There are 2 protein chains.
Amino acid sequence: MAYQNSLAALADPTRRAVFERLADGPQPVGRLARGLPVSRPAVSQHLKVLKEAGLVRDRAEGTRRVYAIDPEGLGALRRYFDQFWDQALAAFAAEAEKDPQPQAGED
Amino acid sequence: MAYQNSLAALADPTRRAVFERLADGPQPVGRLARGLPVSRPAVSQHLKVLKEAGLVRDRAEGTRRVYAIDPEGLGALRRYFDQFWDQALAAFAAEAEKDPQPQAGED
DNA sequence: ACTTACCGTAAGCTATGGCTTATCAAAATT
DNA sequence: AATTTTGATAAGCCATAGCTTACGGTAAGT
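Residues numbered from 1 in each chain as written. Chains lettered and ligands numbered in written order. Predicted model: local features only at pLDDT ≥ 70, side-chain atom pairs only at ≥ 80, totals over all residues. Heavy atoms only, no water.

**Overview of the protein's contact with DNA strand D**
Keep this limit in mind: Throughout this document, a residue counts as near a molecule or strand when at least one of its heavy atoms sits within 4 Å of that molecule or strand. Contacts described as polar in this section are N or O atom pairs within 3.5 Å, which, within protein, must combine one atom able to donate a hydrogen with one able to accept it, while residues neighboring in sequence count only if both atoms come from side chains. Note on conventions: DSSP H or I runs of at least 4 residues are helices, E runs of at least 2 residues are strands, and numbering of each starts at the N terminus.
Surveying the vicinity of DNA strand D reveals 22 residues, the closest of which are A:Ser39, A:His46, B:Gly30, B:Ser44 and B:Tyr67. The protein-proximal atoms of DNA strand D, defined as those within 4 Å of the protein, are 74% sugar or phosphate. Measuring from a phosphate oxygen of DNA strand D, one finds a side-chain N or O atom of A:Ser39 at 2.8 Å. The side chain of B:Thr63 places a nitrogen or oxygen atom 3.4 Å from a base oxygen of DNA strand D. Mapped by element, the contributors of at least two residues to the surface near DNA strand D are helix 2 (13-22) and helix 4 (40-52) of chain A together with helix 3 (29-34), helix 4 (40-52) and strand 3 (64-69) of chain B. The greatest single-element share of the surface near DNA strand D, amounting to five residues, is contributed by helix 4 of chain B.

Structure (structure tokens):
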């Protein structure tokens, strides 16, 4: 039920970059920010959005906050597109059957 | 190479609704707009964005424009998340191996 | 105990995005 | 040929989103 927020979360390029960097493994905020063209607070804000979307988890480690990808959210997104793909494919097949050689004018 | 725009395109709820309706099969603009809480120009604008993102195709049919899902764009999106999923899973496995019972303090 | 490193939140600015109404174009209908 | 239907585009408005700087708070190091 969460793919809506997930999609919105991954729409922003910077936020997507943050997320993609986490695919290499868990990382603290500072390290994430160091490789990006935005400030650390900006990264924090992005991480908050990603977390609320169920795409990342975080855990405290001393004074650091280590963020990692949440397989839950990513999985939901994958399922969404898979299901979508199947549905679209079925519609395609139905269309092709109804109209084998589309030439002109049918309603 | 187009999943960036695709994600941005599907971030908006209304636009996503347009796209999801097309999963049932090709439809002209008017019919799409009739079931949505926005005006027809709004739907046209959304379709333009979806088209530029490679998510839909359109073809003229008399005075109507029939829009349909473009499997190309949808497939690219699916591949993106599949690849991402694999990468994240590998990172997870590596993490678990490096640190079987996480207790405290390692860098 | 004091300082330093790390991080989240608040406030404020600016740009962008989505919506509406109005207008124009083309094909179908009469 | 005049009207109607269908759709795209333009202009303009308003809300939201993302960024920055500034601040506060906690844990570690000295």
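Moving on, there is more to tell.
**Overview of helix 2 (residues 13-22) of chain B**
All names here are of chain B. Put simply, the rule is: Whether a residue is buried, partly exposed or exposed follows from its accessible area with a 1.4 Å probe, protein chains only, as a fraction of its type maximum: under 20%, in between, or over 50%, in that order. Read the arc as the range of directions from the helix axis to the C-beta atoms.
Of all the positions in helix 2, only Arg15, Arg16, Val18, Phe19 and Leu22 are classed as buried. On an axial view of helix 2, the arc spanned by its buried residues comes to 155°, and they lie on one face. The backbone nitrogen of Thr14 lies 3.2 Å from a side-chain oxygen of the residue at the head of helix 2, namely Asp12.

**Concerning the protein's contact with DNA strand C**
Applicable threshold: Following the grouping adopted for this structure description, the nonpolar residues are Ala, Val, Leu, Ile, Met, Phe, Trp, Tyr, Cys and Pro, the charged ones are Asp, Glu, Lys and Arg, and the polar ones are all others, Gly among them.
DNA strand C sits among 23 residues. The nearest are A:Gly30, A:Ser44, A:Tyr67, B:Ser39 and B:His46. The sugar-phosphate backbone supplies 69% of the atoms of DNA strand C found within 4 Å of the protein. The contact in question runs from a phosphate oxygen of DNA strand C to an N or O atom on the side chain of A:Ser44, over 2.2 Å. Separating a phosphate oxygen of DNA strand C from a side-chain N or O atom of A:Tyr67 is a distance of 2.7 Å. Listed by contribution, the elements that provide at least two residues to the surface near DNA strand C are helix 3 (29-34), helix 4 and strand 3 (64-69) of chain A together with helix 2 and helix 4 of chain B. For the surface near DNA strand C, the element with the most residues is helix 4 of chain A, which contributes five residues. Per-class residue counts for the surface near DNA strand C are seven nonpolar, ten polar and six charged.

**Describing the sheet that holds strand 2 (residues 56-61) of chain B**
All names here are of chain B. The following threshold applies: Should DSSP find at least two bridges between two strands, the strands are regarded as paired. Contact definition: two residues touch when any of their heavy atoms are within 4.5 Å. To get an axis, a line is fitted to the C-alpha atoms, and for a helix only the part in contact is used. The angle between two axes follows their N-to-C directions and goes from 0 to 180 degrees.
In spatial order, the strands read 1-3-2; together these three strands make up an open sheet with antiparallel pairing. With partners counted over all chains shown, the strands left at the sheet margins are strand 1 (27-28) and strand 2, one partner each. Packed onto the sheet, helix 2 meets strand 1, strand 2 and strand 3 and runs at close to 85° relative to strand 3.

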